[in-house]
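One-letter residues, chain by chain:
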Amino acid sequence: MSLSVVATITAKPEFRTEVRQALDLIVPPSRAEAGCLQYDLHITRDKPDSFVMIERWEDDATLDRHMATAHFAALVAAIDGKVTGVDIIRLDLVS
């Protein structure tokens with residue numbers, strides 16, 4: 001069964017553009033990873049500093065491998081100090 005992830009990244013207003021650019025950069029290599037079923041970046045309509053990544057992975061192991069990649073480490077470094085929070089929710093499909 002696949003694993004879904006909803007990651008909400010809230011940028012500090014003065015770093016909105018930089019955070020968005022860093023998030024844009026991680027999408028293509030993440031989509032190319034084995035086990036990635038979906039990797040889409042969204043912006044919250046009424047909160048322009050809030051970005052939401054909706055992801056689907058084959059299983060926990062593929063997500064764990066994703067979080068160990070160089071492009072994920074680059075994202076973490078790029079947004080360090082530029083966000084007020086990162087909230088990651090792992091979901092199991094029920095129906």
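Residues numbered from 1 in each chain as written. Predicted model: local features only at pLDDT ≥ 70, side-chain atom pairs only at ≥ 80, totals over all residues. Heavy atoms only, no water.

J.: What is the right way to read the overall build of the chain from this model?
T.: Looking only at helices and strands, one finds three helices and four strands in the chain. From first element to last, N terminus to C terminus, the chain shows the α and β order β-α-β-β-α-α-β. What you see for the chain is a C-alpha radius of gyration of 13 Å, in line with the 12 Å of a compact globule of 95 residues. Counting across all 95 residues of the chain, residues that qualify as buried make up 34%. Of all intrachain contacts in the chain linking residues separated by at least 6 positions in sequence, the fraction that spans at least 24 positions is 69%. Summing over all exposed atoms, the chain offers an accessible surface of approximately 5700 Å²; the carbon and sulfur share of this is 56%. Separation of charge centres in the chain, based on 10 positive and 15 negative side chains, amounts to 5 Å. (Helix = DSSP H or I, 4+ residues; strand = E, 2+ residues; numbered from the N terminus. Rg over C-alpha atoms; globule rule 2.2 N^0.38 Å. Buried < 20%, exposed > 50% of the residue type's maximum accessible area, 1.4 Å probe, protein only. Contact = heavy atoms within 4.5 Å. Areas by Shrake-Rupley, 256 points an atom, 1.4 Å probe, with all protein chains shown as cover. Lys, Arg positive; Asp, Glu negative; His and termini not counted. Charge placed at Lys NZ, Arg CZ, Asp CG, Glu CD.)

J.: How should I be thinking about the nonpolar core in this particular structure?
T.: Ranked by internal contacts, the top residues of the largest apolar core, which has 20 residues, are Ile9, Val19, Leu23, Tyr39, Met53 and Ile79. Those elements that place two or more of their residues in this core are strand 1 (3-11), helix 1 (16-31), strand 2 (36-44), strand 3 (47-57) and helix 3 (70-79). Setting aside its immediate chain neighbours within four residues, Val19 contacts Ile9, Ala11, Phe51, Ile79, Lys82 and Val83. (Core = buried A, V, L, I, M, F, W, Y, C linked by side-chain atoms within 4.5 Å.)

J.: Mind showing me how you'd approach a nonpolar patch on the surface here?
T.: Together, Met67, Val86 and Ile88 line one region of the surface with nonpolar side chains, adding up to about 240 Å² of accessible area. For Ile88, the location among the structural elements is in strand 4 (residues 83-92). Note on Ile88: relative accessible area 44%, which makes it partly exposed. (Patch = residues over 30% accessible without salt bridge, like charges linked within 9 Å, V, L, I, M, F, W, Y side chains within 5 Å. Salt bridge = Lys/Arg side-chain N within 4 Å of Asp/Glu carboxyl O.)

J.: Can you walk me through the pattern of salt bridges in this structure?
T.: Should their charged atoms come close, side chains of opposite charge can pair. As enumerated under the stated definition, the model contains five salt bridges in all. With its nearest N and O atoms 2.5 Å apart, the salt bridge here joins Asp49 to Arg16. Note that Asp49 is positioned in strand 3 and Arg16 in helix 1, a separation of 33 residues in sequence. Looking at Asp49, the relative accessible area reads 16%, which means it is buried.

J.: Please clarify how the sheet that holds strand 1 should be interpreted in this entry.
T.: Hydrogen bonding along the main chain pairs the strands of a sheet, whether they run parallel or antiparallel. One open sheet holds the four strands; their spatial order is 2-3-1-4, and the pairing between them is antiparallel. Each edge of the open sheet carries a strand with a single partner, namely strand 2 and strand 4. Along the sheet, successive strands turn relative to each other by an average axial angle of 15°, direction set aside. Sheet strands in contact with helix 1 are strand 1, strand 2, strand 3 and strand 4, and its direction is about 165° off that of strand 2. (Pairing = 2+ DSSP bridges. Axes fitted to C-alpha atoms, helices over the stretch in contact; angles between N-to-C directions.)

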